[in-house]
Amino acid sequence: MKGVVFVEFIDMVEASFSLEVVDQIIEAAAPVSGGAYTTVGTYSHQEMLDLVGALSGITKVPVPQLIHTFGNHLLGRFVSRYPEFFAGVGDAFSFIKTIEDHIHQEVLKLYPEAELPSIQYSCPTDDVLVVTYKSTRPFADLAEGLLEACIEHFDENIQLSREDLKGSPGTHAQFILTKQ
Amino acid sequence: MSDDVFVRRLDRERRARIEAERLLENKSRELYLANQSLKGLTETLEKQITDRTADLVIARDEALSASSSKSRYLAVMSHEVRSPLNGIIGALGLLTDTTLDTEQLQYTNIARKSAASLLSIVNNILDFSKIEANKMGLEPASFDVRELIAGVIDAFEIVASENSTNLVCEIYADAPKYLIGDGGRIRQVLVNLVDNALKFTTGGEVRITVGLESVMSDKIWLLFGVKDTGVGISEENQVHLFKEFWSQSPESSGAIVGTGLGLPISNRLIKIMGGEMGIESSIGEGSLFWFSVPFDKVPFDKLERGEKHLQENTGYPATEVQQSLSGRILLAEDNTANQMIAQAMLTKIGLHVDLAVNGTEAVEAISSRPYDVVLMDIDMPEMNGIEATRLIRKFSDASRASTPIVALTAYAMKGDRERFLAEGLDDYVEKPISRAGLVACLSHWLSKIPGPSEVVPDSDVPDESLFSVTTLETMIAEIGEENLSPLIDVFLNELDSRVDLIERAAAEGNADGLAKECHPLKSSAASFGAFGLSKLAREIEEKAMHDDLAAAQTTSRKLRKVAQETRDQLISVIEARR
């Protein structure tokens, strides 16, 4: 998992809770990297799961909800860090369609070792977009949080529903976005 | 918040920075290597492009060289094949002029026809090759449409009569007389069409028609037709007519089938001229081949001059008038047969000819005396015509250095004329030489030279009877009226005995005697204004001097009649003065 996700997670925890909570979850999770995250590094996704698990232990908020919230937060950070991916895109459907074929391709150019989830889509009608998330890591909640924030970013009235697909929990999911 | 938390955070920050620096260092190295690799790839690509470009340049040069070789090969073939043919055709022509029995004449005629046919085939193949190589250029000049048609009719008159076919022409009044275009190529197309028509027609009619089709701004479109009453061509065969190497066997005549190039070449020539060609035919009802071609109008001032020229010579076909020239020509030609032919032609049109068999001799001849025109063969042993021309042009005597030099050669590719002109030659006559071509060229170059023909006043009597009263009167003024009568008596007495002597020398085949007797007559007759007689005497003298006894004998047959006319004219002038 790319370092930017960890850096943003740590920043979010520090901003939402406190530096102590950050220190506590790192102590509790005891990540191999020692919690010294840099945006240009790459770390095991297990460290993220451990950190979130530790945060859940402290805050008593369920892990899926924490990850979902982090997804909401992460989209705003992406808009701020990588505005070029949002420039000239006017709506959520258009943006989501660029993830697999454009954004992920650009990420791979810079970080050939990055392991990215597969984000496929289909359009049964003009008003419906079906997004299929498949990953080796269980971050469907993160994806859901990102999609939700994306709809908000474009200020559209779109209903988002989720259906988990067969496989390990959280690794395969289908999201249906329906314009209202 | 304890200090430990901050310390740990700082520690994490420091380690993160170190890790980030390490990763950046690695990424930089990767980028550097990738950049190097790209640079290498670019260089390889550039080398590949350079190599490929060089290969293409070599391939292009090879293709150009091959094309150039092909052109050179054609030029050489043209020379190699046409030179000996020229010799054969010319020698056969001269042979026909000698005394032959019926059988010999028959064989000679067969040989002449076959040689002419071979020349036509060679010309067709060369034309076709020129067209294929896009080297077929047109040579537009003003020409007389009626004269052109008359020439075609003349050429086929005998064939048509042998075939019991009426060969007629119909020139509509609306067709302009003079036009600017490539008359030679129009003639070639007409000759081809008439030749074909006669091959497929027996006992009927072949009709050449010419009429005005339209006038568009500065272009005049003429419609030519060649209509026969022959076997006709099926619709199926009409499709193939303009394809190369296709020919229909003339069922009725059994004549030789040609290369199948005549019609395709004609069609292509007409297209090159911007015109079009077509056919209307049905089996048993004959065929009509037609073509329409745009010509330029002859500018008014030139037209006026042309008409004036004809008016001045009323009673003469234009070609006849031009076939009498005067001047001294140096003929540089190594091939004996070609020498004989060119010399015979030149002498027949009244020119004095000296010979040189190579460039060295030509240069020597010009350094020893002036010439009006040099006819220079290009390919000669020891020194070729171009080298000789270069040396002549360097003469310190400006008038000799600027002697008009006309290339006389079988090189016939487009561009040769320009090449010869660039080498310092003034003009070009293509072999096999024709009398008309030679006359056309030499009349131009000799027109700058004053000669007897220029002092002859305009007259509508034939050359041999030309008599200038003005010249006679000038002489009378110079010698005095009182001396005229005895002088004329002496002259007329002398004239009678001289004509006898000339006729005797001719009958005995005595060339020296002919020359000896004609020489004084030439100048004395001119003194009395009897230019026709003088010219005739000069012709006989020159022919006799140049071992052309047969021609001298033929010409001498006219002498008595012209002498009698001169006598009558002199007497009538004297009578009038009394």
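Our subject is the structure listed above.
Rules and cut-offs
Residues numbered from 1 in each chain as written. Chains lettered and ligands numbered in written order. Predicted model: local features only at pLDDT ≥ 70, side-chain atom pairs only at ≥ 80, totals over all residues. Heavy atoms only, no water. Buried < 20%, exposed > 50% of the residue type's maximum accessible area, 1.4 Å probe, protein only. Helix = DSSP H or I, 4+ residues; strand = E, 2+ residues; numbered from the N terminus. Pairing = 2+ DSSP bridges. Axes fitted to C-alpha atoms, helices over the stretch in contact; angles between N-to-C directions. Contact = heavy atoms within 4.5 Å. Core = buried A, V, L, I, M, F, W, Y, C linked by side-chain atoms within 4.5 Å. Expected span 1.5 Å × (residues − 1). Phe/Tyr/Trp six-rings, centres within 6.5 Å; stacked < 30°, edge-to-face > 60°. Lys NZ or Arg CZ within 6 Å of the ring centre and 35° of its normal. Buried area = accessible area lost by both parts, 1.4 Å probe. Salt bridge = Lys/Arg side-chain N within 4 Å of Asp/Glu carboxyl O. Polar contact = N/O pair within 3.5 Å; in protein donor to acceptor, adjacent residues only side chain to side chain. Nonpolar A, V, L, I, M, F, W, Y, C, P; charged D, E, K, R; others polar.

Asks: How would you summarise the pairing of strand S9 (residues 352–356) of chain B if you had to cite specific residues and measurements?
Replies: For a regular strand, side-chain orientation follows a simple rule: the groups alternate between the two sheet faces. Residue and element names in this part refer to chain B. Burial within S9 is extensive, with 4 of its 5 residues counted as buried. Strand direction decides the pairing type here: strand S8 (residues 328–332) and S9, joined by 5 bridges, are parallel. In the sheet register, Ile 329 faces S9, and the bridge partner there is Val 353.

Asks: Describe unusual backbone geometry, listing the residues and the values that go with them.
Replies: The general pattern is negative phi for most residues beyond glycine and trans for most peptide bonds. Residues and elements named next belong to chain B. One non-glycine residue with positive phi stands out, namely Ser 164, at about 55°. Residue classification places Ser 164 among the exposed positions, given a relative accessible area of 55%. Non-glycine residue Glu 382 carries a positive phi angle of around 65°. With respect to the secondary-structure elements, Glu 382 resides in the loop between strand S10 (373–377) and helix H11 (385–393). Looking at Glu 382, the relative accessible area reads 71%, which means it is exposed.

Asks: Describe the sheet that holds strand S4 (residues 172–179) of chain A, naming the residues involved and giving the relevant values.
Replies: Paired through backbone hydrogen bonds, the strands of a sheet run either parallel or antiparallel to each other. Residue and element names in this part refer to chain A. The strand order S1-S2-S4-S3 describes an open sheet built from 4 strands, whose pairing is antiparallel. Because the sheet does not close on itself, it has two edges, and the strands there are strand S1 (118–125) and strand S3 (158–164). Averaged over all pairs of adjacent strands, the angle between strand axes in this sheet comes to 20°, irrespective of strand direction. Bridge count for S1 against strand S2 (residues 128–134) is 6 bridges, and the pairing is antiparallel. In the sheet register, Ser 122 faces S2, and the bridge partner there is Val 130. Seen against the sheet, helix H5 (residues 92–110) touches S1, S2, S3 and S4 and runs at an angle of roughly 145° to S1. On the sheet, helix H6 (residues 140–153) packs against S2, S3 and S4 and is oriented at approximately 170° with respect to S3.

Asks: So what's going on with the nonpolar core? Residues and values would help.
Replies: All names here are of chain A. Core analysis: the biggest nonpolar cluster contains 52 residues, and Phe 9, Ile 25, Met 48, Leu 51 and Leu 177 have the highest contact counts within it. When contributions to this core are tallied by element, the ones reaching two or more residues are helix H1 (3–16), helix H2 (19–29), helix H3 (45–59), helix H4 (63–81), H5, S2, H6 and S4. With 8 residues, the single largest contributor to this core is H1. Those residues in contact with Met 48 that lie beyond four places of it in its chain are Met 1, Val 5, Phe 6, Phe 9, Phe 70 and Phe 139.

Asks: Could you give me a rundown of helix H19 (residues 531–545) of chain B, with the residues and numbers involved?
Replies: Quick reminder: α-helices carry 3.6 residues per turn. Residues three or four places apart thus point the same way. Helix length check: H19(B), at 15 residues, gives a terminal C-alpha distance of 20 Å against a target of 21 Å (1.5 Å per residue), a fit within 8%. Judged by how many residues are buried, H19(B) sits mostly within the fold: 14 of 15 residues are covered.

Asks: Describe the environment of B:Ile208, naming the residues involved and giving the relevant values.
Replies: Residue and element names in this part refer to chain B. Take Ile 208: it is sitting in strand S4 (residues 205–216). Put simply, Ile 208 and Lys 227 are 19 residues apart on the chain and 6.5 Å apart in space, counted from C-alpha to C-alpha. Ignoring any residue separated from it by four or fewer positions in sequence, one finds Ile 208 in contact with Ile 149, Val 152, Ile 153, Val 168, Cys 169, Glu 170, Leu 190, Val 194 and Gly 225.

Asks: Quick rundown of the packing of aromatic side chains? Include the residues and the values.
Replies: According to the stated counting rule, one finds 12 aromatic pairs over all chains in the structure shown. Look at B:Phe420 and B:Tyr428: their rings are 5.6 Å apart centre to centre, the planes differ by 25°, and that puts the pair in the stacked class. Here B:Phe420 matches B:Tyr428 in class, with each residue buried. Site record: aromatic cluster; members linked through ring pairs are B:Phe143, B:Phe224, B:Phe291 and B:Phe295. For the cation-ring pair, A:Lys179 lies above A:Phe93, with the distance from its terminal atom to the ring centre recorded as 4.7 Å.

Asks: I'd like a rundown of the interface of chain A and chain B, residues and numbers included.
Replies: With 19 residues of chain A at the interface, the matching set in chain B holds 13 residues. Overall, the association of chain A and chain B removes approximately 1200 Å² of surface from exposure, summing both partners, and the carbon and sulfur fraction of that is 59%. Joining chain A to chain B, the criterion identifies 4 salt bridges. A:Asp23 serves as the salt-bridge partner of B:Arg8, at 2.4 Å between the closest nitrogen and oxygen. Applying the counting rule to chain A against chain B returns 4 residue pairs in polar contact (both at pLDDT 80 or more). For the side of chain A that touches chain B, the element with the highest residue contribution is H2(A), accounting for 6 residues. Partitioning the side of chain A that touches chain B into residue classes produces 10 nonpolar, 5 polar and 4 charged.

By themselves these figures say nothing about function.
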